[in-house]
Amino acid sequence: MRLSELTHPNQLHGLSTAQLEDVACQIRERHLQVVSTSGGHLGPGLGVVELTLALYQTLDLDKDKVVWDVGHQAYPHKLITGRYANFDTLRQQKGVAGYLKRTESKFDHFGAGHASTSISAAFGMALARDVRGEDFKCVAVIGDGALTGGMALEAINHSGHMPNTPFLVVLNDNDMSISPPVGALSTYLNRMRHSPPMQFISDSVQESVKNLPFMGGELPPEIKSLTGSVRRLAVPKVGAVFEELGFTYMGPIDGHDISQMVRTFQAAHRVGGPVLVHVVTTKGKGYPYAEADQVGYHAQSAFDLTTGKSKPSKTPKPPSYSKVFGQTLIKLCEQNKKIIGITAAMATGTGLDLLQKALPDQYIDVGIAEQHAVTLAAGMSCEGIRPVVAIYSTFLQRAYDQLIHDVGIQNLPVTFVLDRAGIVGADGPTHQGQYDISYLRAVPNFTVMAPKDEGELQRMLVTCVNHQGPTALRIPRGSGEGVPLMEEGWEPLKIGRGEVLIEGDDLLIIAYGAMVSPAIKTAQILSKTGIKSTVVNARFLRPLDQALIHPLARRIGKIVTIEEGALAGGFGAAVVESLIDQDLLLPTFRIGIPDKLVDHASPDQSKEALGLTPEKMSENIIKRFGFKSDQSIVSPSKSESYNS
């Protein structure tokens, strides 16, 4: 069968193992060709090709439900569910999404971009099925890294308590998350991987007993109980934990042996209760470079298939905010042994991999467990440690109660660095860091800030670790502004103090964080039309610099706020509320992300669509305030840019 002709996964039914292996080769070829051209997740999908084909051989996807955890390992699923023809639009604007999306395909039964949700969702479908008296299979496919998430363990605890609910969990165990997983559970799974397969031992015992002459082919309840005990004795380490939690355990099995997996999945479907099939796979399978460097090839920008090397950027870029943060934190840790960096399985993405290599004793990775990371930091701070917790903006949402209950209310000196804040691009709605401004505004005792550039980031980090209370610092994805950086000796900022960058009498522009540079460019465009603006770098969201903002607002009379975050409850809302509290009812135009999901596209495409470019903001400001201009809107020249 040609992969290009496959439009429905049920077309796989009846294919021989050799035919399925041929389809697997075609999937890998298409997967590599597309990701090497446009970028995307590589290693996760390559590792589950055979698993996907074998599992779908045993399911009727017109009615059965499969929930893939996170979804970045579901590219093979997409290729056999009708998306082969337009797969080359992967993660591009209006193209195929990088994660599962219910609105994209009827076969995407549950959308996800965050880990550890699959077991809860699939078990919810199983319970709904039984309530409605329907008959279909429900399967969750989860990686060993995602199994470290508390939500996954909560779901196992619940579903194992329902012995009469047919439900299958496939544990895709490749000894990896994005980076190698951490913790006791990872160590336990590692021991299981090196144990012999034991999934059919109870069947073997039962068959042997049933064949005794006096049994008559049937097992009395006492013997059935005995065979279960024999099984537990035979597998003290292999799956014992899952067995005791109420699951029938099968495995570990070879995740690249299609025929063995088909037999195991068929047996699992016959059990009639919760089953966990432990499948051992190799992340990056079939592409030597990805197998050899499973962290580096988890996701890739465009690269050369022959050499495995990334295609170089056409123009040199300043260091990323994440790298500047990581390098600065190393210096601070060297100066103060009480500073500890904490991440939740995102060392490379947040820049904490630099700290891990330089000062491993001052680095902690808790696995995919954001809630635990926050409260762990709170506990450490009670004993005089100064934790710096680096988590993506979108992932910190998962620990909101801990931010309030464990850190904010107790006014503990924990620093949070929110990476990937704002528009992040091709990963789509699940990864856009558009809500942290809104959700941090209300947390008691927090000081919340965002730098205009990587130089100010350094000063803000020093400000945070010196502050005697909880702090949060948001940084965007990607390269900095290219400003000069200091190696050490950074001056802390005064809490709650902004700065005036440009002065003018016609308009007050108050910008926050990464939008300061576009705000200056907007002011330069407006200046060409005769509109003179005062531009303020707010620096702080909480506390807001009312002593600076209110007199300027009263004098100028027209206000624009600019932020790269949700307008609902955002930075602009904070400014408006502060003005209203002082009875300053002034015309104010808030620019930011409206109440909508930001789909996958490049950051520039998303900002253009949202009106967050200097050209669009200039046009909208003129329209909003009725400014008259005889000149067209033009971009500032390079010599007028903020970087100069």
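What counts and what doesn't
Residues numbered from 1 in each chain as written. Predicted model: local features only at pLDDT ≥ 70, side-chain atom pairs only at ≥ 80, totals over all residues. Heavy atoms only, no water. 1 Å grid on protein atoms, 1.4 Å probe; cavity = no way out; pocket = protein on both sides within 12 Å on 5 of 7 lines; lining within 4 Å. Points joined across faces, edges and corners; volume = space filled by probe spheres on them. Nonpolar A, V, L, I, M, F, W, Y, C, P; charged D, E, K, R; others polar. Phe/Tyr/Trp six-rings, centres within 6.5 Å; stacked < 30°, edge-to-face > 60°. Buried < 20%, exposed > 50% of the residue type's maximum accessible area, 1.4 Å probe, protein only. Helix = DSSP H or I, 4+ residues; strand = E, 2+ residues; numbered from the N terminus. Pairing = 2+ DSSP bridges. Axes fitted to C-alpha atoms, helices over the stretch in contact; angles between N-to-C directions. Right-handed = clockwise from strand over helix to strand, strands pointing away. Parallel < 35°, antiparallel > 145°, perpendicular 65-115°, else oblique. Contact = heavy atoms within 4.5 Å. Arc of directions from axis to C-beta.

Enquirer: Mind showing me how you'd approach empty space enclosed by the protein here?
Expert: Unfilled space is identified by rolling a water-sized probe across the atoms. Per the counting criterion, the structure on display carries two cavities of 30 Å³ or more. Taken as a whole, the largest cavity encloses approximately 70 Å³ of empty space. A per-class count over the lining of the largest cavity returns eight nonpolar, two polar and two charged.

Enquirer: Any chance you could explain the packing of aromatic side chains here in plain terms?
Expert: What describes a pair of aromatic rings is the distance from one ring centre to the other and the angle between the planes of the rings. Inspection of the entire model under this criterion finds 12 aromatic pairs. On the numbers, 5.3 Å between centres and 5° between planes, the contact of Tyr392 with Phe395 is stacked. Look at Tyr392 and you get buried, because its relative accessible area is 8%. By relative accessible area, Phe395 is classed as buried at 9%. Grouping aromatic residues by their ring pairs yields a cluster made of Tyr287, Tyr289, Tyr297 and Phe303.

Enquirer: What exactly am I supposed to notice about unusual backbone geometry here?
Expert: Peptide bonds are mostly trans, and most non-glycine residues show a negative phi. The residue after Gly251, namely Pro252, is reached through a cis peptide bond having omega -5°. Inspection of the secondary structure puts Pro252 in strand β5 (residues 248-254). One non-glycine residue, Ala345, lies in positive phi territory at about 70°. Here Ala345 lies in the loop between β8 (339-343) and α14 (347-350). A residue is classified by how much of its surface remains accessible, and Ala345, at 10% relative accessible area, is buried. Here Asn411, not a glycine, exhibits a phi torsion of approximately 55°, which is positive.

Enquirer: When you look at the sheet that holds strand β2 (residues 65-68) in this model, what are you seeing that I'm missing?
Expert: Strands in a sheet are paired, the pairing made by backbone hydrogen bonds, and the direction either parallel or antiparallel. In space, the five strands of this open sheet follow the order β2-β3-β4-β6-β5, with parallel pairing throughout. At either end of the open sheet lies a strand with only one pairing partner, and these are β2 and β5. In this sheet, adjacent strand axes meet at a mean angle of 20° when their direction is disregarded. Relative to strand β6 (residues 274-280), strand β4 (residues 167-173) runs parallel, the two sharing seven bridges. Looking at β6, one finds that Asp173 is bridged to Val280.

Enquirer: Help me understand the pairing of strand β18 (residues 559-566) in this model?
Expert: When a strand is regular, its side chains alternate between the sheet's two faces. The buried count for β18 comes to eight of eight residues, which makes it a mostly enclosed element. As defined by bridge partners, strand β15 (residues 507-511) adjoins β18 across four bridges and the pair is classed as parallel. The residue of β18 that forms the bridge with Ile509 is Val560. Bridging between β18 and strand β19 (residues 588-593) involves five bridges; their strand directions are parallel. Bridged to Val560 within β19 is Phe589. In the classification by handedness, the crossover that spans β18, the intervening helix α23 (residues 571-581) and the parallel β19 is right-handed.

Enquirer: What's the story with the packing of helix α16 (residues 370-382) against helix α18 (residues 400-408) in this structure? I'm lost.
Expert: Each pair of packed helices can be summarised by the angle the axes make with each other and by the distance between the axes. Viewed as axis vectors pointing N to C, α16 and α18 meet at an angle of 10°, and their least axial separation amounts to 9 Å. Regarding the angle of α16 to α18, the classification is roughly parallel. Only Gln402, Leu403, Asp406 and Val407 of α18 make contact with α16, whose side of the interface consists of Gln371, Val374, Thr375 and Ala378. Among the residues making up the contact of α16 with α18, the classes are represented as four nonpolar, three polar and one charged.

Enquirer: Can you walk me through helix α6 (residues 150-159) in this structure?
Expert: The complete set of buried residues in α6 reads Ala152, Ala155, Ile156 and Ser159. The arc that holds the buried residues of α6, viewed along the axis, is 100°, so those residues lie on one side. In α6, the exposed positions that point more than 90 degrees away from the buried face belong to Glu154 and Asn157. Looking at the buried residues of α6, the elements they touch are α5 (118-131), β3 (138-143), β4, α10 (240-244) and β6.

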